[in-house]
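# Structure at a glance
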Amino acid sequence: MFSANENAALRQNKRRVIKYVEETIHEDLLDLGVIVLAMQVSCRAPGCVPLETVLTIIFPPSSEELMSGIPESKNAGTFSAKVLLPMSEITKKRCPTFITTSF
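Basis of the calculations
Residues numbered from 1 in each chain as written. Predicted model: local features only at pLDDT ≥ 70, side-chain atom pairs only at ≥ 80, totals over all residues. Heavy atoms only, no water. Core = buried A, V, L, I, M, F, W, Y, C linked by side-chain atoms within 4.5 Å. Buried < 20%, exposed > 50% of the residue type's maximum accessible area, 1.4 Å probe, protein only. Helix = DSSP H or I, 4+ residues; strand = E, 2+ residues; numbered from the N terminus. Contact = heavy atoms within 4.5 Å. pLDDT = per-residue confidence, 0-100. Salt bridge = Lys/Arg side-chain N within 4 Å of Asp/Glu carboxyl O. Expected span 1.5 Å × (residues − 1). Arc of directions from axis to C-beta.

## Quick word on the nonpolar core
Of all hydrophobic cores here, the largest spans 21 residues; its most connected members are Val21, Ile25, Ile57 and Phe59. Within the residue set of this core, elements represented by two or more residues are helix H1 (4–22), strand E1 (35–42), strand E2 (51–58) and strand E3 (78–83). Those residues in contact with phenylalanine 59 that sit more than four places away from it in its chain are Val34, Leu66, Met67, Ile70, Glu72, Ser73, Ala76, Gly77 and Phe79.

Quick look at the structure:
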């Protein structure tokens, strides 16, 4: 169970990380309805980092790829990626290169 202060810090980090990701997406795409979600998850499996961040980008319907190199950006797809860091450690400087694994 998280304390009120921990929940507030997590929400603040979530808003910050979403902002960083949105800053890498063209404003026209955000206006079309692209949605960015961020969630911090814990992993207890051997070899797993204890806390990681999952980022999801949800695209609106489109007959063509909205973001070059991301096939999920076509036909209202969803792109997700793991960042092997807790949200509190994701910085703006690392944001464009932090996606290590898509799934």
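Picking up after the structure, the text goes on.
## Quick word on the confidence of the model for the chain
It should be kept in mind that the predicted coordinates are not to be read in detail where pLDDT is low. Mean pLDDT over the chain works out to 87, with 90% of the residues at or above the 70 mark. Of all secondary-structure elements in the chain, the lowest mean pLDDT belongs to strand E4 (residues 101–102), at 40, while E1 reaches the highest, 94. Here residues 98–103 is modelled with pLDDT under 50, and outside its nearest four sequence neighbours on either side it reaches 19 contacts, counting other chains as well.

## What about the side chain of asparagine 13?
Along the chain, asparagine 13 falls in helix H1. For asparagine 13, the contacting residues outside a window of four places in its chain are Met87 and Ser88.

## Brief notes about the pattern of salt bridges
Applying the stated criterion across every chain yields a total of two salt bridges. Glutamate 23 serves as the salt-bridge partner of lysine 19, at 3.8 Å between the closest nitrogen and oxygen. One salt bridge in this structure joins lysine 92 and glutamate 23, with 3.2 Å as the shortest N-O distance. Of this pair, lysine 92 sits in the loop between E3 and E4 while glutamate 23 sits in the loop between H1 and helix H2 (27–32), and the two are 69 residues apart along the sequence. Each of Lys19, Glu23 and Lys92 takes part in one network of salt bridges that share partners.

## Focus on H1
Counted at 1.5 Å a residue, the expected span for H1 with its 19 residues is 27 Å, and the 27 Å between its end C-alpha atoms agrees. Inspection of H1 places Asn13, Val17, Ile18, Tyr20 and Val21 among the buried residues, and these make up the whole buried set. Taken down its axis, H1 places every buried residue within 155° of arc, on the same side. Along H1, exposed side chains directed more than 90 degrees from the buried face belong to Ala4, Asn5, Gln12 and Arg15. Where the residues of H1 are buried, they touch E1 and E2.

## Focus: the environment of glutamate 64
Within the secondary structure, glutamate 64 sits in the loop between E2 and E3. Looking at glutamate 64, the relative accessible area reads 53%, which means it is exposed. Distance in space between the C-alpha atoms of glutamate 64 and histidine 26 is 16 Å, their sequence separation being 38 residues. Aside from chain neighbours lying at most four places away, what touches glutamate 64 is Ser73 and Lys74.

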